[in-house]
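Secondary and tertiary structure notes
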Amino acid sequence: MTGTIKIKYFTEEIERLSYIGGKSDWIDLRAAKEVEMKAGEFKLIPLGIAMELPAGYEAHVVPRSSTFKNYGIIQTNSMGIIDETYCGDNDQWFFPAYALRDTVIHINDRICQFRIMEHQPAFEFMAVDMLTNEDRGGHGSTGKQ
Ligand SMILES: O=c1ccn([C@H]2C[C@H](O)[C@@H](COP(=O)(O)OP(=O)(O)OP(=O)(O)O)O2)c(=O)[nH]1
């Protein structure tokens, strides 16, 4: 175990964060309230936590592989990025959900997972007229098989 992260839980009704015994170092997150959705609806599902990430880190939130099968929802931003600056007392994490069928997500359901990543190094972007490299080719240029 390296490092400690301050975490605030917004409800007693979700289980505390834990690693699922030796299976993965991604940590599952839970819905913090019951959410009913109709097909075609968008909702932000609260995840019931706020965190003070360590300096120099961000968190990445993605759906679980089984989330669509279980709940018929997809994450509208594909991957959620939790900035280090998102650390205020009311900066609750949320899962932006789009429902493809009528569905109910219950409180404490594990709907997504996250991990903490170091920031990329800071780069400077320098405008040039030419890149002087060989073109790689358009999308799919390496064929299908
Ligand atoms: O799936 C997500 C994505 C973001 N956030 C929180 C953490 C993040 O730090 C903040 C802002 O997210 P982002 O920068 O991706 O959104 P934006 O639309 O660019 O908003 P902003 O103008 O606040 O940066 O919202 C979540 O809780 N879940």
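Residues numbered from 1 in each chain as written. Predicted model: local features only at pLDDT ≥ 70, side-chain atom pairs only at ≥ 80, totals over all residues. Heavy atoms only, no water.

1. Concerning the sheet that holds strand β8 (residues 80-82)
For clarity, the threshold we go by: For two strands to count as paired, DSSP must find a minimum of two bridges between them. A helix here means a DSSP run of H or I that spans at least four residues, while a strand means a run of E at least two residues long, and both kinds are numbered starting from the N terminus. Helix axes use the C-alpha atoms of the stretch in contact, all axes being lines fitted to C-alpha atoms, and the angles between their N-to-C directions lie in the range 0 to 180 degrees.
Overall, antiparallel pairing links the four strands, which are arranged β2-β11-β6-β8 in an open sheet. Of all the strands in the sheet, just β2 (27-30) and β8 have a single pairing partner and so form its edges. Along the sheet, successive strands turn relative to each other by an average axial angle of 35°, direction set aside. Where strand β6 (residues 57-63) meets β8, three bridges bridge the pair, whose relative direction is antiparallel. Opposite Val-61, over in β8, you have Gly-80 as the bridge partner.

2. Considerations on unusual backbone geometry
For Asn-108, which is not glycine, the phi dihedral falls at a positive 80°. By the element assignment, Asn-108 lies in the loop between β10 (103-105) and β11 (110-118). At Thr-132, a position not held by glycine, the phi torsion is positive, near 55°. Looking at where Thr-132 falls in the secondary structure, it is placed in the segment after β11.

3. Thoughts on the UniProt feature "domain: dUTPase-like" (unreviewed entry) in the protein chain
Convention followed: UniProt positions are given in the numbering used here, feature names are shortened, and annotations may be inferred rather than shown by experiment.
When the UniProt feature table is mapped onto this chain, "domain: dUTPase-like" (unreviewed entry) is found at residues 28-141. In residues 28-141, helix accounts for 4% and strand for 40%; the two terminal C-alpha atoms are 37 Å from one another.

4. Here we look at the environment of Phe-42
The test is simple: Residue contacts are defined here by distance: any two heavy atoms, one from each residue, within 4.5 Å place the two residues in contact.
With respect to the helices and strands, the residue Phe-42 is situated in strand β4 (residues 42-46). With residues up to four places along the chain from it excluded, the contact list for Phe-42 reads Met-37, Thr-76, Pro-96 and Ala-97.

5. Observations regarding the site of the ligand
The criterion, for reference: Near, as used in this document, describes a residue that has one of its heavy atoms within 4 Å of the molecule or strand being considered. Nitrogen and oxygen atoms within 3.5 Å of one another constitute a polar contact, given that in protein one can donate a hydrogen and the other can accept it, and given that sequence-neighbouring residues count only through two side-chain atoms. Here the accessible surface of atoms and residues is derived via Shrake-Rupley with a 1.4 Å probe, and residues count as covered only by protein chains that are part of the display.
Residues in close proximity to the ligand include Asn-77, Gly-80, Ile-81, Ile-82, Asp-83, Tyr-86, Trp-93, Phe-94 and Pro-96, which together make up its full environment. The separation between an oxygen atom of the ligand and a polar side-chain atom of Asp-83 is 2.7 Å. Interatomic distance of 2.8 Å between a backbone N/O atom of Phe-94 and a nitrogen atom of the ligand. A total of 570 Å² of accessible area belongs to the ligand in isolation, and the protein chains cover 52% of it.

6. With respect to the environment of Pro-96
Condition: Note on exposure labels: buried denotes an accessible area under 20% of the residue type's maximum, exposed denotes more than 50%, and partly exposed covers the range between, all computed with a 1.4 Å probe on protein chains only.
Checked against the element boundaries, Pro-96 lands in strand β9 (residues 94-99). Residue Pro-96 is classed as buried on the basis of its relative accessible area, which comes to 5%. Distance in space between the C-alpha atoms of Pro-96 and Ile-82 is 13 Å, their sequence separation being 14 residues. Those residues within four positions of Pro-96 in sequence are excluded, and the remaining contacts are Phe-42, Lys-43, Leu-44, Ile-74, Gln-75, Thr-76 and Asn-77.

7. Looking at the side chain of Gln-75
Locating Gln-75 in the fold gives a position in strand β7 (residues 73-75). Accessibility expressed as a relative area gives 6% for Gln-75, which makes it buried. Not counting residues up to four positions away in its chain, the partners in contact with Gln-75 are Val-61, Val-62, Pro-63, Gly-80, Phe-95 and Pro-96.

8. Digging into the sheet that holds β7
Reading across the sheet, the three strands line up as β4-β9-β7 and stay open at both edges, with antiparallel pairing between neighbours. Strand pairing shows two members of the sheet lacking a second neighbour, β4 and β7, which therefore form its edges. Across the sheet, the mean angle from the axis of one strand to that of its neighbour is 40°, orientation sign disregarded. Of the strand pairs in this sheet, β4 and β9 are connected by five bridges, and their pairing is antiparallel. Residue pairing in the sheet places Lys-43 in a bridge with Ala-97 of β9.

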